[in-house]
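Single-letter residue listing:
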Amino acid sequence: MMDKNAKIYVAGHRGMVGSAIVRELKRQGYENIITRTHKELDLIDQSAVDAFFKAEKPEYVFLAAAKVGGIVANSEALADFMYDNMMLEMNVIHAAWQNGCKKLEFLGSSCIYPRMAPQPMKESCLLTSELEKTNEAYALAKISGLKYCEFLNKQYGTDYISVMPTNLYGPNDNYHPTHSHVLPALIRRFHEAKEQGLTKVTCWGDGSPLREFLYVDDLANLCVFLMNNYSGNETVNAGTGKELTIKELTELVAEVIGYEGEIAWDTSKPNGTPRKLLDVSKATKLGWTYKTELKDGIKLAYEDFLNNPMRAER
């Protein structure tokens, strides 16, 4: 268990996941949290990361920093996504190990699993078949981080763990018109359509893919829970174990926002993976389950969007 006064470094504290982890740590009474903005510490700069760890010597590390984006951003900047994510995670994990960090938790993504993995996806299906091409670069980087933690455990006896979340949403999300994920993108689209009095909104694909969504504060709660209760080389899936179609999601977001116009589908645009549901039985057996139902979470996310107009410009 982490001592309440233990020195904890949260990498990526300004992002959606990192900020939720900081909120959760404070909620649970952890006081000694250290953070650095990207300007203060560029995690892609190995010597800067080494110097930071040498000076600060954090006992625990939550590695939630990443370069992220939706289908468009991922497929247009493959090399950048791979390089930036590989470098930052290798730098942080390596420096943590060199400076005697007690425990590190690496945050991945469910896109590490094969495109056509049996559903719901168990942790053990990793590397059993090929990845989804649209985010292959990001997935390969995340798999490398997960494996580096596993190999350090095996070679040097470290206690480094990883957690793989499903699709996340909530406070501090990115609502950029082209570089955001599906749920925040829909919140923005329907909000703007309602404001502008549009009678029709057109969405990508045909609405058939099945997706699972986890409220980010629930993930943060699991992250702290795992840091205190789990050790092992295999990753832990973070999700709800529930899914719905993109069409159902779209209708739910429209309902929460109060958009009453028509929803049309542009079938010339890609759907992405047909189904992505995580098997969350491992987390359940450890004693953890999610708390926030999707409709309630969307309401909270929409409040966050309305209260932070600058965020919509990102």
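Residues numbered from 1 in each chain as written. Predicted model: local features only at pLDDT ≥ 70, side-chain atom pairs only at ≥ 80, totals over all residues. Heavy atoms only, no water.

The name given to the chain in an unreviewed UniProt entry is GDP-L-fucose synthase, and the organism recorded there is Selenomonas ruminantium. Looking at the Sequence similarities (unreviewed entry) heading of the UniProt record, one finds this comment for the chain: "Belongs to the NAD(P)-dependent epimerase/dehydratase family. Fucose synthase subfamily." (UniProt positions renumbered as here; feature names shortened; annotations may be inferred.)

**Focus: the packing of helix H4 (residues 78-98) against helix H5 (residues 136-156)**
A packed helix pair is summarised by two numbers, namely the angle formed by the two axes and the spacing between the axes. Following both chains from N to C, one finds H4 and H5 inclined at 20°, their axes separated by 8 Å at the closest point. With respect to their mutual orientation, H4 and H5 come out roughly parallel. Our pair here, H4 against H5, has a crossing hand that is right-handed. The residues of H5 that touch H4, namely those facing Leu78, Phe81, Met82, Asn85, Met86, Glu89, Met90, Ile93, His94 and Trp97, are Ala137, Tyr138, Leu140, Ala141, Lys142, Ser144, Gly145, Tyr148, Cys149, Leu152 and Tyr156. (Axes fitted to C-alpha atoms, helices over the stretch in contact; angles between N-to-C directions. Helix = DSSP H or I, 4+ residues; strand = E, 2+ residues; numbered from the N terminus. Parallel < 35°, antiparallel > 145°, perpendicular 65-115°, else oblique. Left-handed = near helix turned anticlockwise from the far one by under 90°. Contact = heavy atoms within 4.5 Å.)

**Quick look at the sheet that holds strand E11 (residues 244-245)**
Sheet architecture is open: three strands sit in the order E11-E8-E13, paired in mixed fashion. One side of each edge strand has no neighbouring strand; the edge strands of this open sheet are E11 and strand E13 (275-276). For strand E8 (residues 210-211) and E13, the ladder comprises two bridges, and the chain directions are parallel. Residue pairing across strands places Leu210 opposite Arg275, the latter belonging to E13. (Pairing = 2+ DSSP bridges.)

**Describing the UniProt feature "binding site: substrate" (unreviewed entry) in the chain**
When the UniProt feature table is mapped onto this chain, "binding site: substrate" (unreviewed entry) is found at Arg189, Trp204 and Arg211. Topologically, Arg189 is positioned in helix H6 (residues 182-196). Among residues more than four places away in sequence, those in contact with Arg189 are Val201, Thr202 and Cys203. Arg211 sits in the buried class, given a relative accessible area of 10%. Once residues within four sequence positions are removed from consideration, Arg211 is found in contact with Asn167, Lys242, Glu243, Leu244, Ile246, Asn271, Gly272, Thr273, Pro274, Arg275 and Lys276. (Buried < 20%, exposed > 50% of the residue type's maximum accessible area, 1.4 Å probe, protein only.)

**Examining helix H10 (residues 294-307)**
An ideal rise of 1.5 Å per residue puts 20 Å on 14 residues; H10 measures up with 20 Å between its terminal C-alpha atoms. Among all positions in H10, only Leu294, Gly297, Ile298, Ala301, Tyr302, Asp304 and Phe305 are buried. Buried residues of H10 fall within an arc of 155° about the axis and therefore sit on the same side. The secondary structure elements touched by the buried residues of H10 are strand E6 (167-169), H6, strand E9 (213-215), E11 and helix H8 (246-257). (Expected span 1.5 Å × (residues − 1). Arc of directions from axis to C-beta.)

**Considering the environment of Ser268**
One can find Ser268 in the loop between strand E12 (262-266) and E13. C-alpha of Ser268 to C-alpha of Asn221: the two residues are 47 residues apart in sequence and 39 Å apart in space.

**Points about the pattern of salt bridges**
One pass over the structure, following the stated rule, counts 20 salt bridges. Salt-bridge contacts for Lys67 lead to Asp84; the nearest nitrogen and oxygen are separated by 3.8 Å. Placement of Lys67 in the loop between strand E3 (60-63) and helix H3 (71-76) and of Asp84 in helix H4 is noted, with a sequence separation of 17 residues between them. Assessed through its relative accessible area of 18%, Asp84 is described here as buried. A salt bridge links Arg275 to Glu243; its shortest N-O distance comes to 2.5 Å. With a gap of 32 residues between them, Arg275 in strand E13 and Glu243 in the loop between strand E10 (236-238) and E11 connect regions that are remote in the sequence. By relative accessible area, Glu243 is classed as partly exposed at 29%. Members of the salt-bridge network, linked through shared partners, are Lys7, Arg36 and Glu56. (Salt bridge = Lys/Arg side-chain N within 4 Å of Asp/Glu carboxyl O.)

**A look at the nonpolar core**
Counting 41 residues, the largest nonpolar core has Tyr9, Leu43, Phe53, Ile93 and Leu104 as the members making the most contacts within it. Breaking this core down by element, the ones donating at least two residues are strand E1 (8-11), helix H2 (46-56), E3, H4, strand E4 (103-107), H5 and strand E5 (160-165). Sort the elements by how many residues they give to this core and H5 lands first, with eight residues. Once residues lying within four places of it in the same chain are set aside, the contact partners of Phe53 are Tyr9, Pro58, Val61, Val92, Ala95, Ala96 and Asn99. By size, the runner-up hydrophobic cluster in this structure holds 34 residues, among which are Met16, Tyr60, Leu168 and Leu214. (Core = buried A, V, L, I, M, F, W, Y, C linked by side-chain atoms within 4.5 Å.)

**Some remarks on the packing of aromatic side chains**
Under the defined criterion, the tally for this structure stands at nine aromatic pairs. Both rings, one in Trp97 and one in Tyr156, keep their centres 4.4 Å apart while their planes meet at 40°; by these two values the pair is tilted. With Trp97 in helix H4 and Tyr156 in helix H5, this residue pair connects regions lying 59 residues apart in the sequence. Taken together, the aromatic side chains of Tyr9, Phe52 and Phe53 make up a single cluster linked through ring pairs. We note Lys4 situated over the ring of Tyr30; from NZ or CZ to the ring centre the distance is 4.2 Å. A cation over a ring is seen here: Lys67 above Phe81, with NZ or CZ 5.5 Å from the ring centre. (Phe/Tyr/Trp six-rings, centres within 6.5 Å; stacked < 30°, edge-to-face > 60°. Lys NZ or Arg CZ within 6 Å of the ring centre and 35° of its normal.)

**Thoughts on the sheet that holds E4**
A sheet is described by the order of its strands in space; here six strands give the open sequence E2-E1-E3-E4-E5-E10, paired in parallel fashion. Strands at the two margins of the open sheet, each flanked by one partner only, are strand E2 (33-34) and E10. Packing against the sheet, helix H7 (residues 216-229) makes contact with E3, E4, E5 and E10, and its axis sits at approximately 150° to E4.

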